[in-house]
Every structure is written in structure tokens, then in C-alpha cells.
Amino acid sequence: MFALHDPDALQSVLDVFETPMFAAERATRASPFRILCINKAHERTSGLTNAGIRGRSPHDLLPADQADLVASRYATCADTNAPLRYREVLHLQTGVFSWDTTIQPVFTGDQRQRILGTALQLPATPKKHNTDLAFDDIRFFSAQAVFQLTQVSSYLEALASGDGKEHDSVRYAEAIVGICRSIDRALSDIRVLAERE
């Protein structure tokens, strides 16, 4: 579902979510990441539009130091095949935004590397109660579990299509096992946080 080739179709999928979301991709490891789309929630929050940023790289949209950091995080996520969560302040053309960002690698089945992100805008007041922090963590772990379940679906669809070679099937199965362990861990973390509150 998140591996769709058509950016308009991918945007339609992301528009279902009320959380600001975005997708970026690079054709190969040597290529720069480029924005595929943002959802309507992201457009409302950031003031950016798909037409204005689609196909552009972080270096087209941000000051050089911020763009280097964003591109580095995208590459780390894609290269390690592991989610990242971080807080960032970005100077966009529409203003300065503070985000609690989570990015996830997306399985594409070819050499393309795609990341999918959620960007929760941080409030102007930095102090939060413990309950607010716990809910932030629960939102993060829940989003992580949802993305990972989608990845399992993508791997299973690739296996079911029969397009891959036998060694690909083993690689897909190993990936599914790893993702299932990650989902179990995320759900366990949610349970621990819920029991604390």
C-alpha cells in the first residue's frame, strides 16, 4: 500500500490519516531523496502544497545545514531498514516549525529507497505533564506498529505474486520475522506505558 508507484495514489492513501504525513524516495543510494507527497493534514499544518514540493529534495526546501541533517536521517532510516524518531526545527518557506518526526522505511521490492514519515507539530509551550509525554510515546509506538504491519503486508504480497526468485522468498520471510518481532516490542512498550498511567 505505501509502496505505490503513483504519487497521487500514495497521497490518497495518506489522506486517510489525520496526522501530518509525508513520503520521500531516492532511486538509488547515490541519488538524493525527493519528496513524493504530503497528505492533506500536512498541507493544513505546514501551509505547503504537494504541487509546490513534489519532486523537490530537502536541499531545495531548507537551509543547507537543516537539509543535510534531514537527508542524513532519511538515508540512515533507509539504509538500516529501521525507524527513527527525533525532534526537529525546520525553516520552511511557510514559516518555522517544530516537529516530533517519525520516519519508517518502506519496502519497494526494487532498488528504490522510500521513507514514510509522520510529523506531529510541537506546541509552543515546551513543558509537558508526564501523562502528555506518555501519550506522545503511545502515539509513536502505535504509528510504528501500524507501519510495520503494512510492511508485513507488502512482503506477503511480494511472496504471493511469485515474481521473486527462491532466494528472495527466504529474504522476505526473514524480513517478516524481524518486523513481527518489532511489532511485538512496540505493543509491549505500549502496554508498559499504559500500565504506568
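Look up: the structure comes first, before these words.
Below: a short report on this structure. (Residues numbered from 1 in each chain as written. Predicted model: local features only at pLDDT ≥ 70, side-chain atom pairs only at ≥ 80, totals over all residues. Heavy atoms only, no water.)

The helix and strand tally for the chain stands at 7 helices and 5 strands. Going from the N terminus to the C terminus, the chain shows its helices and strands as α-β-β-α-α-α-α-β-β-β-α-α. When the 197 residues of the chain are sorted by exposure, 43% land in the buried category. Taking as baseline every contact in the chain between residues at least 6 positions apart, the subset at least 24 positions apart corresponds to 54%. Per element, the accessible surface of the chain, about 10,500 Å² overall, is 55% carbon and sulfur. (Helix = DSSP H or I, 4+ residues; strand = E, 2+ residues; numbered from the N terminus. Buried < 20%, exposed > 50% of the residue type's maximum accessible area, 1.4 Å probe, protein only. Contact = heavy atoms within 4.5 Å. Areas by Shrake-Rupley, 256 points an atom, 1.4 Å probe, with all protein chains shown as cover.)

The next subject is the packing of aromatic side chains. Across all of its chains, the model carries 3 aromatic pairs by this definition. Ring centres of Phe33 and Tyr74 lie 5.6 Å apart, and the angle between their planes is 80°; on these two criteria the pair is classed as edge-to-face. Of this pair, Phe33 sits in the loop between β1 (21–26) and β2 (34–38) while Tyr74 sits in helix α5 (residues 64–80), and the two are 41 residues apart along the sequence. When its relative accessible area of 4% is taken as the criterion, Phe33 is described as buried. Three or more aromatic residues joined by ring pairs form one cluster here, namely Phe22, Phe33 and Tyr74. Over the ring of Tyr86 we find Arg73; its NZ or CZ atom is 4.0 Å from the centre of that ring. (Phe/Tyr/Trp six-rings, centres within 6.5 Å; stacked < 30°, edge-to-face > 60°. Lys NZ or Arg CZ within 6 Å of the ring centre and 35° of its normal.)

Before going further, it helps to examine empty space enclosed by the protein. Inspection of every chain in the model, using the stated rule, returns 2 cavities of 30 Å³ or more. Size it by volume and the largest cavity reaches roughly 250 Å³. Listed by contribution, the elements that provide at least two residues to the lining of the largest cavity are β2, α4 (58–61), α5, β3 (84–92) and β4 (95–106). No other element matches the 4 residues that β3 contributes to the lining of the largest cavity. Residues belonging to the lining of the largest cavity are distributed by class as follows: 15 nonpolar, 2 polar and 1 charged. (1 Å grid on protein atoms, 1.4 Å probe; cavity = no way out; pocket = protein on both sides within 12 Å on 5 of 7 lines; lining within 4 Å. Points joined across faces, edges and corners; volume = space filled by probe spheres on them. Nonpolar A, V, L, I, M, F, W, Y, C, P; charged D, E, K, R; others polar.)

Okay, the side chain of Asn50 next. Assignment of secondary structure puts Asn50 in helix α3 (residues 50–53). By relative accessible area, which is 6% here, Asn50 ends up buried. In this structure Asn50 touches Gln11, Cys37, Ile38 and Glu43, once residues within four positions along its chain are discounted.

One open sheet accounts for 5 strands, arranged β2-β1-β5-β4-β3; its pairing is antiparallel. Taken across any chain shown, the strands that pair with only one partner, and hence form the sheet edges, are β2 and β3. For this sheet, the mean angle separating the axes of adjacent strands, direction not counted, is 35°. With 8 bridges connecting them, β4 and strand β5 (residues 113–121) associate as antiparallel partners. Across the sheet, Gln104 pairs through a bridge with Leu116, a residue of β5. Across the sheet, helix α1 (residues 7–14) lies against β1, β2 and β5, angled at about 45° from β2, the strand it touches most. Here α5 sits on the sheet and contacts β1, β3, β4 and β5; the angle it forms with β3, its principal contact strand, is near 155°. (Pairing = 2+ DSSP bridges. Axes fitted to C-alpha atoms, helices over the stretch in contact; angles between N-to-C directions.)

Another aspect to go through is the pairing of β2. Within β2, 4 of the 5 residues are buried, which leaves it mostly tucked inside the rest of the structure. Inspection of the sheet shows β1 paired to β2 by 4 bridges, in the antiparallel sense. Counted as the bridge partner of Ala24 is Ile35 from β2.

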